[in-house]
Number of protein chains: 2
Amino acid sequence: MYKPITLKDIAIALDLSPSTVSRALRDTYDISEKTKKLVNDYATLVNYQSNPMAAGLRSKKSKSIGIVVPDLANSFFSQAISGIESIAEKEGYHTIISQTKDSYHKEIEVINHMANRYVDGLIITMSSETTEYTHLQQMHKSGLPIVFFDRIVDEINTYKVVCNNFESCYKATTQLIENGKRNIAFLANAPQLSISKERIGGYKTAMTDQLISSRDELIKFCPSGGSDYEEVELAIKQLMALDESPDAIFVAGDRLSMACLRAVKNLGIKSDELSIIGFSNVDIIDLLQTPISHIRQRAFEMGQISMTMLLKIIETKYPITDFETKVIDADIFWMEHLSV
Amino acid sequence: MYKPITLKDIAIALDLSPSTVSRALRDTYDISEKTKKLVNDYATLVNYQSNPMAAGLRSKKSKSIGIVVPDLANSFFSQAISGIESIAEKEGYHTIISQTKDSYHKEIEVINHMANRYVDGLIITMSSETTEYTHLQQMHKSGLPIVFFDRIVDEINTYKVVCNNFESCYKATTQLIENGKRNIAFLANAPQLSISKERIGGYKTAMTDQLISSRDELIKFCPSGGSDYEEVELAIKQLMALDESPDAIFVAGDRLSMACLRAVKNLGIKSDELSIIGFSNVDIIDLLQTPISHIRQRAFEMGQISMTMLLKIIETKYPITDFETKVIDADIFWMEHLSV
DNA sequence: CTGAAAGCGCTAACAG
DNA sequence: CTGTTAGCGCTTTCAG
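Residues numbered from 1 in each chain as written. Chains lettered and ligands numbered in written order. Predicted model: local features only at pLDDT ≥ 70, side-chain atom pairs only at ≥ 80, totals over all residues. Heavy atoms only, no water.

Caption draft 1: Structural context of the sheet that holds strand β7 (residues 219-221) of chain B. Residue and element names in this part refer to chain B. Strand order in the open sheet made by the six strands is β7-β6-β8-β9-β10-β12, with mixed pairing throughout. The sheet terminates laterally at β7 and β12 (331-333), the two strands that pair on one side only. Averaged over all adjacent pairs, the angle separating strand axes in this sheet is 15 degrees, with direction ignored. Inspection of the sheet shows strand β10 (residues 293-296) paired to β12 by three bridges, in the antiparallel sense. Bridge pairing links Ile295 to Ile332 in β12. Seen against the sheet, helix α9 (residues 194-209) touches β6 (184-188), β7 and β9 (275-279) and runs at an angle of roughly 170 degrees to β6. (Pairing = 2+ DSSP bridges. Helix = DSSP H or I, 4+ residues; strand = E, 2+ residues; numbered from the N terminus. Axes fitted to C-alpha atoms, helices over the stretch in contact; angles between N-to-C directions. Contact = heavy atoms within 4.5 Å.)

Here is the structure:
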């Protein structure tokens with residue numbers, strides 16, 4: 001069995017008490033510089049690694065945080081994770097990552113597991129299946145610091161970090177209209193998601209403001225979020241079969257955007273027939289056959305902010321009550337023929 | 001503070017001893033069905049969650065394993081992770097994921113952290129910076145089960161899972177030659193990586209077997225693995241500036257392949273000037289402007305096998321001595337003009 | 001500034 | 001089959 005050096009080993013070797021060694025290692029105030037140096041030098045020498053489980057068991061702190069995202073294979077999330085880690089590392093926090101694959105049960109299981117491992121806090125993007133938050137609410141009430149990222153939960157009062165979903169959709173839709181588009185379809189993720197609601201809101205409001213009636217038949221939901229290609233192809237087919245078929249389509253998700261491109265390609269729809277704009281953080285969008293207009297979220301930055309917020313909750317002495325929701329601008333990239 | 005129900009709480013509530021409750025919960029053999037049911041029902045009722053840290057501290061087992069990969073934003077790895085998780089989940093194991101960003105120091109830090117959290121085992125893809133394995137060797141010797149995945153370490157005797165790097169490169173190179181290519185360049189990841197050596201080996205051997213002398217100036221290393229675009233563009237520029245410039249290029253990495261496509265595009269190199277074949281597990285390769293010939297690894301399957309191997313080590317009663325290296329076929333997809 | 005003692009939540013060894 | 005006891009490695013009172 002793997003048996004590392006323990007704090008006790010150091011204590012014996014240096015003829016000190018375990019508590020003194022513990023204090024020296026943790027750099028508390030009531031310890032002499034001399035002992036501190038002695039202990040730390042020896043610890044480095046023997047490559048001592050403190051045991052976070054034992055420490056956590058006692059102190060209920062672990063200097064590590066959990067990250068829960070729906071899907072690691074999504075550039076948006078992997079970029080955000082890198083942002084989170086960039087701050088965590090600097091502050092001496094470890095990160096533990098898990099994916100839910102958009103499953104409610106996996107989400108519960110993963111979150112429980114992390115909480116039991118004494119993560120000091122959680123950064124969460126909700127799974128698209130989740131409609132029930134009691135598991136989170138309970139933990140949050142008991143004092144587990146949580147920051148919501150991207151897909152947020154209104155019912156839980158804490159820091160939240162999102163992009164300006166409403167505004168960017170409003171803006172993009174308006175510009176489509178200014179470019180003469182009238183039948184703008186909207187392809188969304190699962191309807192219960194906060195991002196779906198916000199994005200549709202921006203789209204609909206823009207339509208109304210431009211005096212175009214938004215037709216419900218133009219809005220399609222794909223609960224799989226694009227991981228089920230058939231679902232997306234079907235949606236596109238149905239849209240194109242409408243009496244007044246769309247001249248543009250707004251795709252409100254990353255995997256969804258790619259699935260949409262694939263469907264358009266497979267169905268042989270020409271790009272001058274249907275303009276596409278979609279959310280996407282894919283890092284090879286410049287290499288696509290049909291490089292689409294896209295809304296790119298500042299994922300890395302959003303990750304950094306999330307971690308900063310989480311640290312604020314974790315390290316505060318007094319409970320925070322005035323939580324903010326940080327809204328980060330997204331960048332819109334237009335293909336030439338639409339860039340007004 | 002988040003304070004969950006403990007095993008002791010159950011013991012008191014049910015007027016049993018903690019050990020009996022522990023046994024009932026863990027379903028050991030020496031416990032009556034009646035007590036087992038009583039305990040488990042009550043546990044479910046109060047939503048008891050066992051504390052893996054406390055359990056781990058005592059038993060040195062945690063029913064969780066660590067996954068260490070260089071980069072989560074790489075489809076190959078995220079697909080493999082899903083494969084690992086599919087088995088882990090079935091067997092009741094949790095997974096903890098970390099990325100090293102190809103940094104040696106981060107790798108050490110991450111692995112230490114996981115070992116200290118009593119993961120029961122590790123599935124590792126080495127960072128490209130790593131040339132020193134003492135940290136791993138030591139842990140492995142002390143009994144920590146390790147499975148190497150993709151980028152392996154010869155010096156450590158354990159299970160390893162790789163794709164048939166040599167053979168697929170040999171085969172692909174041969175086919176390029178049969179298609180009339182003579183000046184085949186090779187773009188590799190960091191030279192110390194096992195995959196780099198194996199892939200170059202396949203390429204060189206094929207050249208020799210086809211009586212084509214392989215010129216060293218045609219082989220370029222990009223230690224960043226494609227995450228530094230400039231590095232790749234420079235390599236391509238240098239290759240194209242050669243007196244006998246390449247008529248084909250073999251790209252031995254996923255990010256590298258995409259960076260190469262970008263360079264080719266940016267430098268205005270025509271596709272009939274330079275045929276490209278590259279390793280890639282990108283899931284939108286069919287949507288690329290220049291869909292390249294590519295070698296696709298069965299990442300999900302490789303992940304599943306890795307986890308299966310790891311479980312074998314973890315759950316065996318007697319130490320394993322005859323470790324295998326599982327070699328999984330990769331699939332080659334040719335663009336039409338090269339498909340002989 | 002340092003040490004002794006208790007205990008985090010759980011499992012394991014030993015009785016019975 | 002169940003209870004008792006001890007202890008995993010660390011932190012945290014509480015003394016001194």
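Caption draft 2: Summary view of the UniProt feature "domain: HTH lacI-type" (unreviewed entry) in chain A. The UniProt feature table records "domain: HTH lacI-type" (unreviewed entry) at residues 5-59 of chain A. Annotated as residues 5-59 of chain A, this span is 69% helix and 0% strand, and its ends, taken at the C-alpha atoms, are 20 Å apart. (UniProt positions renumbered as here; feature names shortened; annotations may be inferred.)

Caption draft 3: Up close: helix α4 (residues 52-59) of chain A. Inspection of α4(A) places A:Pro52, A:Met53 and A:Gly56 among the buried residues, and these make up the whole buried set. Summarising the axial view, the buried residues of α4(A) lie within an arc of 95 degrees, below the 170-degree limit, and thus occupy one face. Buried positions along α4(A) lie against α4 (52-59) and α6 (104-116) of chain B. Between the side-chain oxygen of the N-cap and the backbone nitrogen of A:Met53 there are 2.8 Å, and the N-cap of α4(A) in question is A:Asn51. Once α4(A) ends, the next one or two residues include A:Lys60, with phi positive near 60 degrees. (Buried < 20%, exposed > 50% of the residue type's maximum accessible area, 1.4 Å probe, protein only. Arc of directions from axis to C-beta. Polar contact = N/O pair within 3.5 Å; in protein donor to acceptor, adjacent residues only side chain to side chain.)

Caption draft 4: Broad picture of the protein's contact with DNA strand C. Taken together, 27 residues surround DNA strand C, and among them A:Thr20, A:Arg23, A:Arg58, B:Leu7 and B:Tyr48 come closest. Protein-adjacent atoms of DNA strand C, using a 4 Å cutoff, are sugar or phosphate at a proportion of 63%. One of the side-chain nitrogen or oxygen atoms of A:Ser19 is found 3.1 Å away from a base nitrogen of DNA strand C. At a separation of 2.5 Å, a phosphate oxygen of DNA strand C approaches a polar side-chain atom of B:Tyr48. Breaking the surface near DNA strand C down by element, the ones donating at least two residues are α2 (18-26) and α4 of chain A together with α1 (7-14), α2 (18-26) and α4 of chain B. The class makeup of the residues in the surface near DNA strand C is seven nonpolar, 11 polar and nine charged. (Near = heavy atom within 4 Å. Nonpolar A, V, L, I, M, F, W, Y, C, P; charged D, E, K, R; others polar.)

Caption draft 5: Main features of the environment of A:Phe76. Residues and elements named next belong to chain A. Among the structural elements, Phe76 can be located in helix α5 (residues 75-90). With a relative accessible area of 4%, Phe76 lands in the buried category. Along the backbone, Phe76 and Ser214 are 138 residues apart, and their C-alpha atoms lie at a distance of 29 Å. Among all residues touching Phe76, those that are not within four sequence positions of it are Phe149, Asp150, Asp254, Asn281, Gln297, Ala299 and Met302.

Caption draft 6: Representation of the nonpolar core in the model. Among the nonpolar cores identified, the biggest contains 158 residues, and A:Leu187, A:Ile249, B:Leu187 and B:Ile249 are the most heavily contacted of them. Among all residues touching B:Leu187, those that are not within four sequence positions of it are B:Lys220, B:Cys222, B:Val232, B:Ala235, B:Ile236, B:Ile249, B:Phe250, B:Val251, B:Ala252, B:Leu256 and B:Cys260. Within the second largest apolar cluster, 40 residues are counted, among which are A:Tyr133, B:Ile111, B:Ala115 and B:Leu136. (Core = buried A, V, L, I, M, F, W, Y, C linked by side-chain atoms within 4.5 Å.)

Caption draft 7: Examining empty space enclosed by the protein more closely. Counted by the stated rule, this structure contains four cavities of 30 Å³ or more. In this structure, the largest cavity encloses a volume near 50 Å³. Surrounding the largest cavity, A:Leu287, B:Leu261, B:Lys265, B:Leu288, B:Gln289 and B:Thr290 form its lining. (1 Å grid on protein atoms, 1.4 Å probe; cavity = no way out; pocket = protein on both sides within 12 Å on 5 of 7 lines; lining within 4 Å. Points joined across faces, edges and corners; volume = space filled by probe spheres on them.)

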